[in-house]
Amino acid sequence: AQTVTQSQPEMSVQEAETVTLSCTYDTSENNYYLFWYKQPPSRQMILVIRQEAYKQQNATENRFSVNFQKAAKSFSLKISDSQLGDTAMYFCAFMKRRGGADGLTFGKGTHLIIQP
Amino acid sequence: EPEVTQTPSHQVTQMGQEVILRCVPISNHLYFYWYRQILGQKVEFLVSFYNNEISEKSEIFDDQFSVERPDGSNFTLKIRSTKLEDSAMYFCASSIAGANTGELFFGEGSRLTVL
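Residues numbered from 1 in each chain as written. Chains lettered and ligands numbered in written order. Predicted model: local features only at pLDDT ≥ 70, side-chain atom pairs only at ≥ 80, totals over all residues. Heavy atoms only, no water.

Brief notes about the overall build of chain A
If you tally the helices and strands in chain A, you get 0 helices and 12 strands. Reading the helices (α) and strands (β) of chain A from amino to carboxyl end gives β-β-β-β-β-β-β-β-β-β-β-β. For a compact globule of 116 residues, the expected C-alpha radius of gyration is about 13 Å, and chain A comes in at 14 Å, within 12% of that figure. The principal-axis extents of the C-alpha atoms in chain A amount to approximately 45 × 30 × 20 Å. The buried share among the 116 residues of chain A stands at 49%. Pairs at least 24 apart in sequence give 55% of the contacts found in chain A among residues at least 6 apart. Working note: accessible area of chain A is about 5500 Å², and carbon and sulfur atoms make up 44% of it. (Helix = DSSP H or I, 4+ residues; strand = E, 2+ residues; numbered from the N terminus. Rg over C-alpha atoms; globule rule 2.2 N^0.38 Å. Buried < 20%, exposed > 50% of the residue type's maximum accessible area, 1.4 Å probe, protein only. Contact = heavy atoms within 4.5 Å. Areas by Shrake-Rupley, 256 points an atom, 1.4 Å probe, with all protein chains shown as cover.)

Let's talk about the side chain of Gln44(A)
With respect to the secondary-structure elements, Gln44(A) resides in the loop between β5 (32–39) and β6 (46–52). Reaching out from Gln44(A), the side chain makes a polar contact with the backbone oxygen of Phe106(B) at a distance of 2.9 Å. Beyond its immediate sequence surroundings of up to four residues, Gln44(A) is in contact with Lys38(A), Gln39(A), Glu3(B), Val4(B), Phe106(B), Gly107(B) and Glu108(B). (Polar contact = N/O pair within 3.5 Å; in protein donor to acceptor, adjacent residues only side chain to side chain.)

So, the sheet that holds strand β1 (residues 5–7) of chain B
All names here are of chain B. If you walk across this open sheet you meet the 4 strands as β1-β3-β8-β7, and the pairing is antiparallel. Because the sheet does not close on itself, it has two edges, and the strands there are β1 and β7 (65–68). Within this sheet the neighbouring strands show an average axis-to-axis angle of 20°, counted without direction. Bridge count for strand β3 (residues 19–24) against strand β8 (residues 75–79) is 5 bridges, and the pairing is antiparallel. Bridge pairing in β8 links Leu21 to Leu77. (Pairing = 2+ DSSP bridges. Axes fitted to C-alpha atoms, helices over the stretch in contact; angles between N-to-C directions.)

Quick notes on the interface of chain B and chain A
Opposite the 26 residues of chain B that make contact, chain A presents 24 residues. For the pair chain B and chain A, the two sides together bury roughly 2100 Å², of which 52% comes from carbon and sulfur. Between chain B and chain A we count 0 salt bridges in total. Where chain B meets chain A, there are 3 residue pairs in polar contact (both at pLDDT 80 or more). Sorting the residues of the side of chain B that touches chain A by element identifies β4 (31–37), β5 (43–50), β6 (53–57) and β9 (88–95) of chain B as the ones contributing at least two each. The greatest single-element share of the side of chain B that touches chain A, amounting to 4 residues, is contributed by β4(B). Here the residues of the side of chain B that touches chain A are counted per class, giving 11 nonpolar, 10 polar and 5 charged. (Buried area = accessible area lost by both parts, 1.4 Å probe. Salt bridge = Lys/Arg side-chain N within 4 Å of Asp/Glu carboxyl O. Nonpolar A, V, L, I, M, F, W, Y, C, P; charged D, E, K, R; others polar.)

Topic: the nonpolar core
Core analysis: the largest hydrophobic core is formed by 26 residues, its most contacted members being Leu21(A), Tyr25(A), Trp36(A), Phe75(A), Leu77(A), Tyr90(A) and Leu112(A). Listed by contribution, the elements that provide at least two residues to this core are β2 (10–14), β3 (19–21), β5, β6, β8 (64–69), β9 (74–79), β10 (88–96) and β12 (110–115) of chain A. In terms of residue count, β10(A) provides more of this core than any other element does, 4 residues in total. When residues no more than four places from it in sequence are discounted, the contact partners of Leu77(A) are Val19(A), Thr20(A), Leu21(A), Trp36(A), Ile49(A), Phe64(A), Ser65(A), Val66(A) and Tyr90(A). Within the second largest apolar cluster, 23 residues are counted, among which are Phe49(B), Phe65(B), Phe75(B) and Leu77(B). (Core = buried A, V, L, I, M, F, W, Y, C linked by side-chain atoms within 4.5 Å.)

Given below as structure tokens:
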């Protein structure tokens, strides 16, 4: 079974600062996806960024980037130039990549607060 | 932009009652999921559904739970006899290609309160 650990229950930074959210995971799988999902106060979870484990290059999406360390089983999210709209719960998630309908395994989440 | 819609947004029920939560996935998606989030805890996988049958289910998804896609558009989660511990936010999700792409689209959730 997979486990995903997010060790920071809550973080708070000033607008425009850079913030890094940590995530570690445990799996015996070699092929998998890792994700960061954002859950704003409106409750709908939105995919922020995705990383395929076989790709060494770290994924980036505008102000969002990851630091994927496969050997260390670490997958942190960096948000640059943080904005008030980034305030949300952030969930790290894991999915096995073997085809079919495997579910996501989520971490407990980090509540990120961007202060004006 | 197409999205996953869920109804009701909030339901209050008495323990022992049956509850049906409804979801309309994105129209060209093939894989459907239910997750739940007990207040203050992490989001947990319940079940995945593909080609009109359950593909995978977690330990949480016991005989009290069932899923159905009755009419080709709705995807429902039924809890036969609710317990207090079923109180949670239930999220529906859909995906065009399941684990082949890894991207799930979530609804806003249905909050279930069991009294």
